[in-house]
Each structure stands twice: as C-alpha cells, then as structure tokens.
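Examining the three-dimensional arrangement
The residues making up each chain are set out below.
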Amino acid sequence: SATLPNVDEVGQWVSALNGMPTYVIESSYRPVQLKIHWSPYAVAQWYDETEESKVASALEKVLQHPEDKFLVFVHTKNTGNKMVQALAEAGVPAEFHNANLDTRKRKELEGRFRNDKSFRVLVATSTLAWGVNVPARRVVIVGVHRGLQEVEKYDIDQECGRAGRPQYDKEGDVYILLPNREFAQHKQRLEKPIRIVSQMVDPTKHGNHKTLGFHLVSEIHHGNVQTREHVDEWFSDTLASFQSQELGQDFVGKVLSSLEAAGAIIDAGGVYEATPVGRVASMFYYSPYDVADLRRNFTSLFRNSKQGDDHSLSWCLANIDGHATAICSKAEAEEVS
C-alpha cells in the first residue's frame, strides 16, 4: 500500500492472528516520477464565493496545459457541477464521474477517458481514486474539505496517485488547492505520514459506539458472538486490541443495549440473536441503526398508505441515523425549502 505508513504493525498483527511469519516488502520505486504542487485559493466571506474561487483556480491549471489529460478531483457534487460548467464556458468539454451515475455510464466514461485522446478532462469525486485505473498526465485536487470536514490524508494520497501514465509519461504533476488562510497548516497535515489506527472504539469519534455496533451485529448474525463473554474473545483478535485499545465493560453494555433498542438483536436468555433488522444490516453491510430507522419509516409509510407520495417517500429514505449530523449547503437548504 502506498498510503499505509505503519505497514510493519499490520504485518505483525496478521502474524499474531495466524501464527505464521508475515513478510513486509518495501519499495520506493514508482514508474512515473510524481511532482506535487501546492496552490492557494482565496477564501471569501460567503461559501458560494469560496467555491467559485476554488473552481477558478482549478480551471487556470487546466488551461495552462491545453494538450494534457486532466483528472479534476472534487469532494462535493456541488463543486463538481460548478467545475464542469466553468470548463464548458471556457470551451473545454468535460464530464462528471460521480455516484449519481449508474455503473454502465461510469464504466463508459472511464473507458472513453482512457482511450479517447479528445476526451481531455474528467471531473470526479474521490471514489474514482480507489481501485480504478484511469491515470492522467495531471491531477487537480479542488480543495481539501468535504463540507466542513477535512478530507482524510489517505484520500488525498490516492487522488495524487492517479497522475502520470506509465506507458506515456515520464512524470506526473499534481496540483493541490488549499485555502489561503490555513495554507501552512493543511500543507503540513498532508505532508506528514498518518499512522492508521483502528476506529473500533475511538473515543474521539462522534457516535463511536456505532462502529463497534456495526461489526457486532454481523458477528452475532453469523454465530461468532453469542454471549457477553464472546464479545471479549472476539475483540482480542481485532486490530484495535492489537493497538492496545481497551474495550470497557460499560462501553460494551452501551453498544449491546443500543442494538437491542434498535431492534437489531434480542437477548434470548443470555444468548444474543440477530433479528430481521440485524440480518439485513449484516448481509448488506449496512448500519443496523439506519436499517432500524428505515423499517420504522416504511412501516409508517405503508400504514398510512403514503407509498405513492414522493414527498413522504423522500423523507422515509432521508430521516435515518446516518444523516443525523449531516450538514447541507446553502443551495441544498434552499432546494429543500
């Protein structure tokens, strides 16, 4: 992995799990030399003006190299749409690769960008940076925030890795756009290797008990955890335990109680069993708390014969635990109103 600084620790953990040696192979070789450029953009008084400043800065990079293929990474769909519009107004046709497109359309865009020389600029969300091979000569990363949250360093590293095509280029260039007011802080953060730490019981993470709950409901569904004691046995093999994180008794009780309250598990005489809510969450790799809310919402929808009403249906899908702390932009709030 190019983005895992504590690979030795992970190797040791694997050895602890299977009792066999793990070999960590290190190499700094990269077939195409990567050059990182840090570029400031002006932060304005209003959010939309700041977005326009970011987009204008990214557009400038694209126009400076009219012969090269570009991947332009954005971290919100709103920024992506603004970017495509700005490119079109500058006479540069571009497409936006994002989760709103179906699989067929996304594959079509990836293939065209890979093979069609006239298709020069692809705007994309960070999902395209992971496991999809569509390298470009140059990459622009339009800011380092997703809403009010900072984009993780490993996401930025993956986006950087798309620059430079081994069969065509000797080097790849990446332009990372940072807010001018906090330029030095963000540059320092992104240049520093960040040790990967298990988030299983991270006390600094909001709603952290839900991470453990997400895993436990699956273990209960598959019969690996059936009692309170089994939780401790299972946890002893996790990366969290290997990194000396402690599983407090009160914490475990809170997680199990929250799963029971959500209707994801039941305590059948000291033995935990997954309910239909828990089994659906486990099989579809979904938050049990979100599945519980969807069940509640749609039960009400059908009971009140509202399934033909788009407004009611929209709120059934949206009013779930996973969206409880989400923040929408000014434009999105106006649309909702």
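Notes on the structure follow. All of these numbers come straight from a predicted model, not from anything done at the bench. (Residues numbered from 1 in each chain as written. Predicted model: local features only at pLDDT ≥ 70, side-chain atom pairs only at ≥ 80, totals over all residues. Heavy atoms only, no water.)

Let's talk about the packing of helix α11 (residues 276–283) against helix α12 (residues 288–303)
It is at 9 Å that the axes of α11 and α12 come closest, and there the two elements cross at 125 degrees. Judged by the inter-axis angle, α11 sits oblique to α12. Like other packed secondary-structure pairs, α11 and α12 cross with a definite hand, here right-handed. Residue-level inspection shows V277, V280 and A281 of α11 in contact with α12, the latter providing P288, V291, A292 and R295. Of the residues assigned to the contact of α11 with α12, the class counts are six nonpolar, no polar and one charged. (Axes fitted to C-alpha atoms, helices over the stretch in contact; angles between N-to-C directions. Helix = DSSP H or I, 4+ residues; strand = E, 2+ residues; numbered from the N terminus. Parallel < 35°, antiparallel > 145°, perpendicular 65-115°, else oblique. Left-handed = near helix turned anticlockwise from the far one by under 90°. Contact = heavy atoms within 4.5 Å. Nonpolar A, V, L, I, M, F, W, Y, C, P; charged D, E, K, R; others polar.)

Focus on the pairing of strand β2 (residues 70–73)
Side-chain alternation along β2 places F70 and V72 on one buried face and L71 and F73 on a second face that is also buried. Here β2 pairs with strand β4 (residues 121–124) via four bridges, running parallel. Across the sheet, F73 pairs through a bridge with A124, a residue of β4. Taken together, the four bridges between β2 and strand β5 (residues 138–141) define a ladder with parallel strand orientation. Bridge pairing links V72 to V140 in β5. (Buried < 20%, exposed > 50% of the residue type's maximum accessible area, 1.4 Å probe, protein only. Pairing = 2+ DSSP bridges.)

Some points on the sheet that holds β5
Whether parallel or antiparallel, the strands of a sheet pair through hydrogen bonds between backbone atoms. Taken in spatial order, the six strands line up as β1-β8-β5-β2-β4-β3 in an open sheet, and their pairing is parallel. Two strands lie at the open edges of the sheet, namely β1 (33–41) and β3 (94–97), each paired on one side alone. Direction aside, the axes of adjacent strands within the sheet are offset by 20 degrees on average. Of the strands in this sheet, β1, β2, β4, β5 and β8 (171–179) are in contact with helix α2 (residues 47–64), which crosses β1 at around 140 degrees. Along the sheet face, helix α3 (residues 77–89) touches β2, β3 and β4 and points at about 170 degrees away from the line of β3.

Digging into the pairing of strand β9 (residues 265–268)
The pairing of β9 with strand β10 (residues 271–274) spans four bridges and is antiparallel. Residue pairing across strands places D267 opposite Y272, the latter belonging to β10.

Quick look at the environment of I156
Assignment of secondary structure puts I156 in helix α5 (residues 153–160). Linking I156 and A124, residues 32 residues apart in sequence, is a C-alpha distance of 13 Å. Residue contacts for I156: discarding those within four places in its chain leaves H75, I141, V144, V151, I176 and L190.

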